[in-house]
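The residues making up each chain are set out below.
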Amino acid sequence: GALNASCLFFCGSLSNVSEDTEIFQVLRLRLGNEQPIAIENTYILHDSIPDIENIDFQIYSLYDLFRTNNIKIYDISHAFSTTKVHNTDARFLNLENDTSVIYVDITSSLIDNQVVEYTEVLVRPEFSKYYTDGIFKNGIYQVNAQFVI
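Worth saying up front: this structure is predicted, and the values here are computed from it rather than measured.

Conventions adopted
In this convention, every chain numbers its residues from 1, walking through the sequence in written order. Only residues with pLDDT of 70 or above have their local features reported here, since the model is predicted, and side-chain atom pairs are shown and tallied only from 80 upward, although totals for entire chains, interfaces and linings are computed over all residues. Excluded from the side-chain calculations are hydrogens and water; all other atoms, namely the structure's heavy atoms, are used. Strands are labelled as partners when DSSP assigns at least two bridges between them. A helix here means a DSSP run of H or I that spans at least four residues, while a strand means a run of E at least two residues long, and both kinds are numbered starting from the N terminus. Here, the term nonpolar core denotes a set of buried Ala, Val, Leu, Ile, Met, Phe, Trp, Tyr and Cys residues that are joined through side-chain atoms within 4.5 Å. Think of it in three bands: with a 1.4 Å probe and only protein chains considered, a residue is buried below 20% of the maximum accessible area for its type, exposed above 50%, and partly exposed in between. Whether two residues are in contact is decided by their heavy atoms: any pair within 4.5 Å suffices. The predictor rates its confidence in each residue with pLDDT, a number between 0 and 100. For helices, the fitted line uses only the C-alpha atoms of the stretch in contact; every axis is such a line through C-alpha atoms, and the angle between N-to-C directions lies from 0 to 180 degrees. Between Lys or Arg on one side and Asp or Glu on the other, a salt bridge is scored when a side-chain nitrogen of the former is within 4 Å of a carboxyl oxygen of the latter.

**What about the pairing of strand S1 (residues 23-32)?**
Consecutive side chains of a regular strand alternate in pointing toward one face of the sheet and then the other. By the bridge criterion, 10 bridges tie S1 to strand S2 (residues 35-45) in an arrangement that is antiparallel. Within the sheet, the bridge partner assigned to Phe-24 lies in S2 and is Ile-44. As consecutive antiparallel partners, S1 and S2 are separated by 2 residues, and within that stretch Asn-33 has a phi angle of approximately 50°, a positive value.

And the structure:
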C-alpha cells in the first residue's frame, strides 16, 4: 500500500539501508480507566527485533525490547506542538473532528545517529502534562524534560 508521510520521514532518516528494507509499524491506543488518552504510531526496522510481529506490545515495552536486543539508544528527541484530529483519529480518541490535541514527534537514535525509532503521538490535552527539571553537573546546567501522559 501507499506509505504515509510519517513512514516516509522515518525511511528517509535511515542511512545504509536498502530500498527494500522492511519497516514495522506499531499502532497503539493508550487507555486510562477505559478512556482513550493517546494514539501512538511507531516505526522501527523490522529486523531490529527478532520475531517482532509476534510480540504483545500491551505487555512488553519497546525500549525494554531494544535493551534485550542490545540496541543502545543514545539520544531521544521530542518535538511538541498541536494539531487537529479528524476521522479515524478523532473517533479513536472519542473527540469531534477538528478538535485540537497535543502532538509529540519522537525520534530515537544510536550514538552514530542511526535512527532506530520514529513515533508520533496524539494526546488528548486534558490528559497531558509537560514539565522540565534540570541539574548542575560539573558546572554545566543540564535540562531534563519529561512529558507525562
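**A few points about the nonpolar core**
Counting residues in hydrophobic clusters, the biggest one holds 12 residues: Phe-24, Val-26, Ile-44, Ile-49, Ile-52, Ile-55, Phe-57, Leu-62, Leu-65, Phe-66, Ile-71 and Val-116. Of all the secondary-structure elements, those providing two or more residues to this core are S1 and helix H2 (62-68). Sort the elements by how many residues they give to this core and H2 lands first, with 3 residues. In contact with Ile-49, other than residues within four places in its own chain, are Ile-44, Ile-55, Leu-62, Leu-65, Phe-66 and Asn-69. Among the nonpolar cores identified, the runner-up in size contains 10 residues, and Ile-39, Tyr-103, Tyr-118 and Leu-122 belong to it.

**Description of the confidence of the model for the protein**
Confidence in the prediction of the protein, expressed as mean pLDDT, is 81, and 75% of residues score 70 or more. Ranking the helices and strands of the protein by mean pLDDT puts helix H3 (residues 87-92) first, with 96, and helix H1 (residues 5-13) last, with 56.

**Quick look at the sheet that holds S2**
What links the strands of a sheet is backbone hydrogen bonding, and the strands pair in either a parallel or an antiparallel sense. Pairing within the open sheet is antiparallel, and its 5 strands lie in the order S1-S2-S5-S4-S3. Edge strands, defined here as strands with exactly one partner in the open sheet, are S1 and strand S3 (75-85). Direction aside, the axes of adjacent strands within the sheet are offset by 15° on average. Bridge count for S2 against strand S5 (residues 115-123) is 6 bridges, and the pairing is antiparallel. Directly across from Asn-41, in S5, lies its bridge partner Glu-120.

**Focus: the pattern of salt bridges**
The tally for this structure, following the rule as stated, stands at 4 salt bridges. In this structure, Glu-40 engages Arg-30 in a salt bridge whose closest nitrogen and oxygen atoms are separated by 3.2 Å. Placement of the pair is Glu-40 in strand S2 and Arg-30 in strand S1, with a sequence separation of 10 residues. For Glu-40, a relative accessible area of 11% translates into the label buried. In this structure, Glu-126 and Arg-124 form a salt bridge, with 2.5 Å as the shortest nitrogen-oxygen distance. Through salt bridges with shared partners, a single ionic network connects Arg-28, Arg-30 and Glu-40.

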